[in-house]
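# Close look at the chain arrangement
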Amino acid sequence: MRRWLKSPSPIFLAYAAALLLFALVTLYSPGFANPAHVATLITLASFTGIVAIGQTVVIVGGGIDLSVPWIMNSAAMLVTGLAHGQNLPLFWVVPFILVCGCTVGIINGIGIALLRVPPIVMTMSVNVITQGVLLIVTRGFPPPLSPTALTFIAAGKLGPIPMMLLLWVVLAAVLVVVERRTAFGRYLYALGSNRTVATLSGVPVVRTTITAYAISGVTAALAGMLLAGYSRQAYLGMGDPYLFTSIAAVAIGGASILGGTGSYLGTIAGALVLTILTGLLPIFRLDIGALRIIYGLVILVTVFISAPSLRELFRRRGSR
C-alpha cells in the first residue's frame, strides 16, 4: 500500500486530475455541475474518447495517426451526402463508410509497416490526400442535413443517460478486453516497447501494425459520422480539433507517446480532462488559443516524462 501511494498509477492520477478540475470549476461556477450540463460534457467527451480509441491503439504500438481529422471529415460528409437525410440508407451507408475508414487505415499501416515510411510522414500525407479527394468530390458544397436516427444516437438520451455514453461504454469495454486478454493486445505492447525485440520474439509486426491503423481508421470514421449527427449537418474542417485532442487524451491518460505503455482506461480520463478544460473557455472568457497552448504543453511535458533518455540528457547537462 505504501509503495502504491509513493508511486501511484498514471491512470489514477489522470482520474484524480479530472475530479479535482471538475470540483474546482464547480466551486467557481456551481452551474457547471448541473446534471444537464454534465450530460452535455459527457457527450462531448465521448467524441474525443471514440477517436482516441484508435489513437490509443496506434500510440501504444509505437506509432501515431495524423490522418484522423480528414477521415472524420470525409465520414461526416459522406454519411450526410449519401443518406440524403433519410434513415433507411444508413443500413448500407454506415458499413460502407466504416469500410472506407478501415481502408484508409490499412493504407497507413502498409506504408508504415512494409514501406518503412515514418508514421508522422505517412499519416500526414494520407490526411492531405484525403482532404484533397474530399474537396474534389464535394466541391466545397454543404451536404444535406443528417438523418434523424444518427442525430438521436449522437445527441439523444435513453431516459437521463446520453446515448453516446452507452455507445462509449460498450466500445471502451471491448478495447479494454482486447488490450488485456488477447494476443493482439500483447503484440501491441511488445511492438511499442521495442520493434526489433518484438520481431525476434515472433511478434507479427506487419500484421499488428496494419491492424492498429485499421482500427484507428474505423474509429475516426465512426466518430465523424456521429459528429455529423450531433451537429445535424456536416461541414469541412469539423474533424480538425480532434487531432490534438485525441493525442493529448492518450498522453494525459498516462500512455507514453513513444509507445509500449498505456491503457484506454487512462485515455478515458484524458478525454474527460480535456472536455472540462474546453468548458472553462466561456466561464473564464478565455480565447481558443489558450486551449491550444494547454494541449501543446501537455504533449510536450508527457513526451519528456515518458522519455528516460531525454531526462538523462538534462540531468547530465545540469550536473556540469
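Residues numbered from 1 in each chain as written. Predicted model: local features only at pLDDT ≥ 70, side-chain atom pairs only at ≥ 80, totals over all residues. Heavy atoms only, no water.

## Structural notes on the overall build of the protein chain
- What the protein chain contains, in helices and strands, is 15 helices and 2 strands.
- Scaling as 2.2 N^0.38, a compact globule of 320 residues should have a C-alpha radius of gyration of about 20 Å, and the protein chain matches this with 20 Å.
- Considered along the principal axes of its C-alpha atoms, the protein chain spans approximately 65 × 55 × 35 Å.
- Here the protein chain holds 320 residues, and 46% of them are scored as buried. (Helix = DSSP H or I, 4+ residues; strand = E, 2+ residues; numbered from the N terminus. Rg over C-alpha atoms; globule rule 2.2 N^0.38 Å. Buried < 20%, exposed > 50% of the residue type's maximum accessible area, 1.4 Å probe, protein only.)

## Observations concerning the packing of aromatic side chains
- On inspection of all chains with the given rule, the structure shows 3 aromatic pairs.
- Taking 5.7 Å as the distance between ring centres and 50 degrees as the angle between the ring planes, the aromatic pair formed by F22 and F32 counts as tilted. Of this pair, F22 sits in helix α2 (residues 10-28) while F32 is found in the loop between α2 and α3 (35-60), placing the two residues 10 residues apart along the sequence.
- Geometrically, the ring pair formed by F47 and Y230 is edge-to-face, given 5.3 Å between the ring centres and 65 degrees between the ring planes. Of this pair, F47 sits in helix α3 while Y230 sits in helix α11 (residues 205-231), placing them 183 residues apart in sequence. (Phe/Tyr/Trp six-rings, centres within 6.5 Å; stacked < 30°, edge-to-face > 60°.)

## Quick word on the nonpolar core
- In terms of nonpolar packing, the biggest core is built from 75 residues, with M72 and V79 touching the most fellow members.
- Take this core: its biggest share by element is 11 residues, from α3.
- Setting aside chain neighbours within four positions, we find M72 in contact with V51, A220, A223, G224, L227, G239 and Y242. (Core = buried A, V, L, I, M, F, W, Y, C linked by side-chain atoms within 4.5 Å. Contact = heavy atoms within 4.5 Å.)

## Structural notes on the state of the cysteines
- Throughout the structure, instances matching the rule amount to 0 disulfides.
- Counting only cysteine sulfurs, C100 is the nearest neighbor of C102, a cysteine outside any disulfide, at a range of 9.9 Å.
- Judged by its relative accessible area of 23%, C102 is partly exposed. (Disulfide = S-S within 2.5 Å.)

## Side note on the confidence of the model for the protein chain
- On average, residues of the protein chain carry a pLDDT of 86, and 90% of them reach 70 or more.
- Note that pLDDT drops below 50 for residues 309-314; the model gives that stretch 6 contacts with residues more than four away or on any other chain. (pLDDT = per-residue confidence, 0-100.)

## Looking at the environment of G253
- The topology assignment puts G253 in the loop between α12 (242-252) and α13 (264-284).
- G253 has contacts with P10, I11, A14, G266, T267 and G270, leaving out every residue within four places of it along the chain.

## Thoughts on the side chain of S67
- Mapping S67 onto the fold places it in the loop between α3 and α4 (68-83).
- When its relative accessible area of 0% is taken as the criterion, S67 is described as buried.
- Filtering out sequence-adjacent residues up to four positions away, S67 remains in contact with N108, T123, V126 and N127.

## Things to note about the environment of A255
- Relative to the helices and strands, A255 is located in the loop between α12 and α13.
- Linking A255 and T199, residues 56 residues apart in sequence, is a C-alpha distance of 22 Å.
- Setting aside residues no more than four positions away along its own chain, A255 makes contact with V250, T261 and G262.

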